[in-house]
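# Structural description and commentary
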Amino acid sequence: MSTKRLTVAQATLEYLKKQFSERDGKEQAFFAGCFGIFGHGNLAGFGQALQQTPDFRYYLVRNEQAAVHTAVGYAKMKNRLATFACTSSIGPGATNMITAAAGATINRIPVLLMPGDLFARRQVAPVLQQLESAVSQDISVNDCFKPVSRYWDRINRPEQLITALPEVMRVLTSPADAGAVTLCIPQDVQAEAYDFPEEMFEKRIWHIPRPRPDLDALQRAVALIRSSRKPLIIAGGGVIYSEAEEVLRELVKRTGIPVAETFAGKGSLPYDDPHNLGAAGATGTEGANAFSRAADLVMGIGTRYSDFTTASKTAFQNKSVKFVNINITEFDAHKHSGLALTGDARVVLEELLDALADYRVGEAYRKKAEEFNRSWDEKVERAYRPEGQELPSQSEVLGAVNGFMDARDVVLCASGSAPGDLHKLWRTSDSKGFHLEYGYSCMGYEISGGLGAKMACPDREIYVILGDGGYLMMPSEIITSLQEGYKITIILIDNKGFASIGGLSKTIGGEGFGTRYAYRDRNSGQLDGEALPVDLAKNAESLGARVFRASDIGSLNEALKEARKEERTTVIHIETVSERKMAGYGYAWWDVPVAEVSRSETVQKAREEYEKHKKEQRYFF
Ligand SMILES: Cc1ncc(C[n+]2csc(CCOP(=O)(O)OP(=O)(O)O)c2C)c(N)n1
Ligand SMILES: [Mg+2]
């Protein structure tokens, strides 16, 4: 056996750079490189290895959590067919990645984490930043990655790499299992040399399968669909990851089945397709909610059925509603006691297209969906229309941005009140043009995820919609975007606090407690003093971004034009009112428990309202 003498870190990179993915005949390198921050836990290992492997490019980031978000933003745009590796030191550098790792796993997006780990040799313990345990010497902070990883391993001897790396790749490239994969490598082991078999470093192509459904299950599903009178499709992220948009469009055109979209699935159909009811669930449109309520058959395609999609299990009220779930992940396909069509969305829909060739919903039903599609767009128009108030509302800002952007440009968002508004209002014409991280809704994803999206699609303009709270959580990657020459445009919507949580607080009777940026008042003892003198535009400027301060919709439009010409990352700062122009629609509800007892009358009232909604919650058998 011919061998190659390499350190563990060098061997890992040599292996990773030879891994490719292939789907539908299109092949690409699975890793676009490595994000990271060095410390004593990875400097001599991965630091040294990256330095001598320039064809596996190293990108210095400012925060390890951001590194993982950036990888996720990239992988999401690439429909999970490529991603990044992330290297960190031990201790805090490693644990900084846990938050974003959870986000990756929840959203089923592949990313490889390589946190440094304690000396395998142990002699020097406790090393700086070591979590000591009195009950075991085999525990480090990296064990905290276990519940948020789809695969977790620790390499204590060099030869363990030979069997660990193929498992890493199997999980990362699995459409059903993808998520965060954590490979912990002790700091001494990273630098240790070993004679690795040459064969390990040959090019390997991971063919991404498109599994077909079980034929009996398909027959049963077809029978169920044929017997339904009010079918509804819930299109989730799986439609887009599987590139099933066209076959979905064809299926709904032929059958007339209307479609409601989740956050990850928005854009599955263009917004003006007459079958598109728009946003489903708690942040749903009037039409999607009305159709969900009455549906006798719900076809979930590539959806996890999050509480936002099901309006906390109140959306589907037809007593005999049944579910047919098309999902690559068996776990999701079985949700709501559904008939599981476990398989790839695109090929399952292709099968259904043939099997349902002579099936069509009633004309009145189809027409009703078409009317909702049209009437909703009129509501969007109204919400988008500037009213010339002293400060614009958020939906007016979104209207200006939506109107300005080209069809292939990308809007990207994750947290705050903007995701709900975007879900309801955004006119999406390109399925990759609506990028919401709303599985984990992690404040801080926005700028770093935006950078990842731009790295994946340099030919598209990326518009990051960001609140003041999200900005303060993680503005750091503006610097990384400048360093690498990837331009993103950040629309910084400043309402001086957490408008979303403030609004939510009002629904539970809490009157916005603890959600505004204000000095502590000496008399009240609460955070209701004068406004804090924070200038976020200045902050962005100091990081090197080009900054525009818009004061109304007119100057926002001017700034958008100027920003488009700019080559570096740009921040458009605009103040808005915190109140929503558009409230919940139809039966939209989200279960956020209200205190059962309280001295406050507003809380008592909110509890009454809460109990009414709760009665509508269902189990499905
Ligand atoms: C890391 C993280 N912490 C807390 C939350 C809970 N949370 C959701 S939205 C929000 C406030 C966001 O404020 P901002 O970005 O200003 O948006 P706005 O609500 O004002 O629209 C908070 C605290 C979260 N989603 N992520
Ligand atoms: Mg805010």
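Residues numbered from 1 in each chain as written. Chains lettered and ligands numbered in written order. Predicted model: local features only at pLDDT ≥ 70, side-chain atom pairs only at ≥ 80, totals over all residues. Heavy atoms only, no water.

Lining the immediate environment of ligand 1, one finds 15 residues, of which S417, S441, G469, G470 and S500 sit closest. The side chain of S417 places a nitrogen or oxygen atom 2.5 Å from an oxygen atom of ligand 1. Here a nitrogen atom of ligand 1 and a backbone polar atom of M443 are 3.3 Å apart. Out of a free accessible area of 580 Å², ligand 1 has 77% covered by protein chains. Mapped by element, the contributors of at least two residues to the shell around ligand 1 are helix 18 (468-473) and helix 20 (499-507). Among the elements that line the shell around ligand 1, the one with the most residues is helix 18, at 4 residues. For the shell around ligand 1, the residue count by class is 5 nonpolar, 9 polar and 1 charged. (Near = heavy atom within 4 Å. Polar contact = N/O pair within 3.5 Å; in protein donor to acceptor, adjacent residues only side chain to side chain. Areas by Shrake-Rupley, 256 points an atom, 1.4 Å probe, with all protein chains shown as cover. Helix = DSSP H or I, 4+ residues; strand = E, 2+ residues; numbered from the N terminus. Nonpolar A, V, L, I, M, F, W, Y, C, P; charged D, E, K, R; others polar.)

What follows is about the pairing of strand 9 (residues 180-186). Among the 7 residues in strand 9, 7 count as buried, and that is most of the element. Alternating positions in strand 9 separate into two faces, A180, T182, C184 and P186 on one and V181, L183 and I185 on the other, with burial throughout. Where strand 7 (residues 111-117) and strand 9 come together, 5 bridges link them in parallel fashion. When the sheet's bridge partners are listed, G116 is paired in strand 9 with I185. Pairing geometry for strand 8 (residues 151-154) and strand 9, over 4 bridges, is parallel. What sits directly across from W152, in strand 9, is T182. After leaving strand 8, the chain enters helix 6 (residues 160-172) and then returns to the sheet as strand 9, a path that is right-handed. (Buried < 20%, exposed > 50% of the residue type's maximum accessible area, 1.4 Å probe, protein only. Pairing = 2+ DSSP bridges. Right-handed = clockwise from strand over helix to strand, strands pointing away.)

Its place among the elements puts S88 in strand 6 (residues 83-88). Look at S88 and you get buried, because its relative accessible area is 0%. Filtering out sequence-adjacent residues up to four positions away, S88 remains in contact with I37, N42, E64, G93, A94, M97, M114, P115 and G116. (Contact = heavy atoms within 4.5 Å.)

This part is about the environment of N79. Structurally, the position occupied by N79 is in the loop between helix 3 (64-77) and strand 6. Exposure remark for N79: the relative accessible area of 10% places this residue in the buried category. When the C-alpha positions of N79 and D535 are compared, they lie 37 Å apart, and in sequence the two are 456 residues distant.

Moving on: the coordination of the magnesium ion (ligand 2). Of the protein atoms, only D468 (OD), N495 (OD1) and G497 (O) coordinate the magnesium ion (ligand 2), at distances of 2.0 to 2.4 Å. Accessibility expressed as a relative area gives 8% for G497, which makes it buried. (Donors = N, O, S within 2.8 Å, 3.2 Å for Na, K, Ca; no water.)

Attention now goes to the packing of helix 1 (residues 8-16) against helix 2 (residues 43-51). Orientation of helix 1 relative to helix 2, taken along the N-to-C sense of each, is 50 degrees, at an axis distance of 8 Å. Comparing the axis directions of helix 1 and helix 2 gives the class oblique. Here helix 1 runs over helix 2; the crossing is right-handed. In contact with A9, Q10, T12 and L13 of helix 1, helix 2 contributes G45, F46, Q48, A49 and L50. Along the lines of polarity and charge, the residues of the contact of helix 1 with helix 2 split into 5 nonpolar, 4 polar and no charged. (Axes fitted to C-alpha atoms, helices over the stretch in contact; angles between N-to-C directions. Parallel < 35°, antiparallel > 145°, perpendicular 65-115°, else oblique. Left-handed = near helix turned anticlockwise from the far one by under 90°.)

Here the focus is the packing of aromatic side chains. Taken as a whole, this structure holds 22 aromatic pairs when the rule is applied. Centroid distance F263 to F308: 5.9 Å. Interplanar angle 80 degrees. Geometry classified as edge-to-face. Of the two residues, F263 is situated in the loop between strand 13 (259-261) and strand 14 (276-279) and F308 in the loop between strand 15 (297-301) and strand 16 (322-327); the sequence distance between them amounts to 45 residues. The same class applies to F263 as to F308, namely buried. A ring pair is formed by F308 and Y438, whose centres lie 5.0 Å apart and whose planes are at 85 degrees; its orientation type is edge-to-face. In this pair, F308 is assigned in the loop between strand 15 and strand 16 and Y438 in the loop between strand 19 (434-436) and helix 17 (445-456), connecting sequence segments 130 residues apart. With respect to class, F308 is no different from Y438; both count as buried. The lysine or arginine in question, K4, covers the ring of F201, its NZ or CZ lying 5.8 Å from the ring centre. The positively charged end of K368 is found above the aromatic ring belonging to F291, 5.2 Å away from the centroid. (Phe/Tyr/Trp six-rings, centres within 6.5 Å; stacked < 30°, edge-to-face > 60°. Lys NZ or Arg CZ within 6 Å of the ring centre and 35° of its normal.)

That's the geometry; what it means functionally is another story.
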